[in-house]
Number of protein chains: 2
Amino acid sequence: MNPRLTQQIAFLVEADKLKSVVRRTPLVDASRRENSAEHSWHLLLVMMVLREYGARGVDWMRVMEMVAVHDLVEIDAGDVSAYDVDAFAAKAVREEAAAGRIFGLLPPDQQSHFRELWDEFEAHATPEARFANAVDRLQPLLQNAHSGGGSWCGQSLVRAQIVRRMAPIEAAMPDVWPHVLDVIESFCDAGVLRRD
Amino acid sequence: MNPRLTQQIAFLVEADKLKSVVRRTPLVDASRRENSAEHSWHLLLVMMVLREYGARGVDWMRVMEMVAVHDLVEIDAGDVSAYDVDAFAAKAVREEAAAGRIFGLLPPDQQSHFRELWDEFEAHATPEARFANAVDRLQPLLQNAHSGGGSWCGQSLVRAQIVRRMAPIEAAMPDVWPHVLDVIESFCDAGVLRRD
């Protein structure tokens, strides 16, 4: 087999491990928690369906590519709760090492491309990255909203923490934001989230 | 909430069920069988990494969209082994009904778009559909190759059946085809597949 294809297949086989990284968010039927691979697929659908709420001129192909690769570093670094402050701080160092190893399986040109996509997603600086990050916040909110609270339950979370976490949605999809606030409000009413 | 967004979210919540459709193919570590949602994500990565082997001028955004939606009908119709002749014949009727119901959750314009993507994928007629189908054959082959035979085991499969099933790869990614034949040959040598 040509050495380039050998490297490409080694990367694709390694990527399979993302299916074993379990997230905090449950499936809607609450039968189990979802994994980062199926979560990534769901983000692509969210993007396809809700892109009309995004800014004009966004490069949607770039958003799709970013979404497809954004969680690969979790193969080594694991998934960390956004509300676990200590673990979240150590996350960046572990993910940096993971990006080096995992994208390093690819031929150099593709390694650069994938690394750029991941760096761009993490930096939240381009319209594409802002939309991708908004989708990455909205999908777990929908999972939680439709599974009785999901990963919000039993964490003593305060309304303001969720609103802050969801803020990228307000910036990237302003017309969807009122629905996000409605969901948060209803889980405050239900006692899953505290108001302060 | 505006009625359009209500429909869009209902579709996205329904799509979550694809994570519970279990395929024949195992994860590479053979710990369990993969589901159709994580499989769909994996196809996107395969497309991103191997598109250099495809034809020139392919609309890769279209391929990505097609791959993201291609298995949604399995929420109602289930996953069927490509080598189970009777079940495979009844599949088209069930999938047709499923497409009507599931894509029908979307607003009419998006319903048409998603339906067109799925029809195009099923028809294998455009360069985009041919590449998407090739990727849909190659990913399970890689899963099987790296998990000791995977879904090929215990099915009394003959070499010619696998070669026929994999043929879209030869057409869409001719430079990858010799590797596919090598994999098939090695599983004939190992006694997992019969030569005739």
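Residues numbered from 1 in each chain as written. Chains lettered and ligands numbered in written order. Predicted model: local features only at pLDDT ≥ 70, side-chain atom pairs only at ≥ 80, totals over all residues. Heavy atoms only, no water.

Caption draft 1: Local environment of the relation of the copies chain A and chain B. Laying chain A over chain B is done by rotating through 180° and shifting 0.0 Å along the axis; what remains is an RMSD of 0.0 Å. The relationship between the two copies is best expressed as a two-fold rotation axis. A symmetric contact is evident, with 100% of the interface residues of chain A recurring at the interface of chain B. (Least-squares fit on C-alpha atoms with pLDDT ≥ 70 in both. Contact = heavy atoms within 4.5 Å.)

Caption draft 2: Structural detail: the interface of chain A and chain B. Taken together, the 54 residues of chain A in the interface contact 54 residues of chain B. Where chain A abuts chain B, roughly 4400 Å² becomes buried across the two surfaces, and 68% of that area is made up of carbon and sulfur atoms. Where chain A meets chain B, there are six salt bridges. Taking the shortest distance from any N to any O, the salt bridge between R4 of chain A and E52 of chain B comes out at 2.6 Å. In this assembly, chain A and chain B are joined by 30 residue pairs in polar contact (both at pLDDT 80 or more). When contributions to the side of chain A that touches chain B are tallied by element, the ones reaching two or more residues are helix 1 (3-15), strand 2 (33-35), helix 2 (36-50), helix 3 (60-69), helix 6 (108-123) and helix 7 (127-145) of chain A. No other element matches the 12 residues that helix 2 of chain A contributes to the side of chain A that touches chain B. Broken down by class, the residue content of the side of chain A that touches chain B amounts to 31 nonpolar, 12 polar and 11 charged. (Buried area = accessible area lost by both parts, 1.4 Å probe. Salt bridge = Lys/Arg side-chain N within 4 Å of Asp/Glu carboxyl O. Polar contact = N/O pair within 3.5 Å; in protein donor to acceptor, adjacent residues only side chain to side chain. Helix = DSSP H or I, 4+ residues; strand = E, 2+ residues; numbered from the N terminus. Nonpolar A, V, L, I, M, F, W, Y, C, P; charged D, E, K, R; others polar.)

Caption draft 3: View of the packing of aromatic side chains. This structure, assessed with the given rule, holds eight aromatic pairs over all chains. Geometrically, the ring pair formed by W152 of chain B and F187 of chain B is edge-to-face, given 5.5 Å between the ring centres and 75° between the ring planes. In this pair, W152 of chain B is assigned in the loop between helix 7 (127-145) and helix 8 (159-172) and F187 of chain B in helix 9 (residues 177-189), connecting sequence segments 35 residues apart. F187 of chain B shares its class with W152 of chain B; the two are buried. Three or more aromatic residues joined by ring pairs make a cluster, and in this case those are F11, F103 and F114 of chain A. (Phe/Tyr/Trp six-rings, centres within 6.5 Å; stacked < 30°, edge-to-face > 60°. Buried < 20%, exposed > 50% of the residue type's maximum accessible area, 1.4 Å probe, protein only.)

Caption draft 4: Seen up close, the pairing of strand 1 (residues 22-26) of chain B. Residue and element names in this part refer to chain B. Bridge analysis of strand 1 against strand 2 (residues 33-35) gives two bridges, and the strand direction is antiparallel. If you follow V22 over to strand 2, its bridge partner there is N35. Hairpin remark: strand 1 followed by strand 2, antiparallel, with six residues in the connecting loop; positive phi at A30, about 60°. (Pairing = 2+ DSSP bridges.)

Caption draft 5: Here's a closer look at the packing of helix 6 of chain A against helix 2 (residues 36-50) of chain B. At a minimum axis separation of 11 Å, helix 6 of chain A and helix 2 of chain B run at an interaxial angle of 130°. When the interaxial angle is binned, helix 6 of chain A and helix 2 of chain B end up oblique. Residues Q110, F114 and L117 of chain A of helix 6 of chain A form the contact with helix 2 of chain B, whose participating residues are L45, M48 and V49 of chain B. Looking at the contact of helix 6 of chain A with helix 2 of chain B, its residues break down into five nonpolar, one polar and no charged. (Axes fitted to C-alpha atoms, helices over the stretch in contact; angles between N-to-C directions. Parallel < 35°, antiparallel > 145°, perpendicular 65-115°, else oblique.)

Caption draft 6: Representation of helix 9 of chain B in the model. Residues and elements named next belong to chain B. Spanning 13 residues, helix 9 covers 18 Å between terminal C-alpha atoms, matching the ideal 18 Å at 1.5 Å per step. Looking at helix 9, one finds that the buried residues are W177, H179, V180, V183, I184, F187 and C188. G191 sits one or two residues past helix 9 and shows a positive phi near 85°. (Expected span 1.5 Å × (residues − 1).)

Caption draft 7: Geometry of unusual backbone geometry. All names here are of chain A. The backbone phi angle of S156 is positive, close to 50°, even though this residue is not glycine. You can see S156 is positioned in the loop between helix 7 and helix 8 (159-172). Judged by relative accessible area, which is 56%, S156 ranks as exposed.

Caption draft 8: Up close: the packing of helix 7 of chain A against helix 9 (residues 177-189) of chain A. Residue and element names in this part refer to chain A. Running from N to C, helix 7 and helix 9 point in directions that differ by 40°, and their axes come no closer than 11 Å. In terms of orientation, helix 7 lies oblique with respect to helix 9. In the packing of helix 7 onto helix 9, the handedness of the crossing is left-handed. Contact with helix 7, carried on its side by L138, L141, L142, N144 and A145, involves H179, V180, V183, I184 and F187 of helix 9 and no other residues of that element. Residues of the contact of helix 7 with helix 9, tallied by class, amount to eight nonpolar, two polar and no charged. (Left-handed = near helix turned anticlockwise from the far one by under 90°.)

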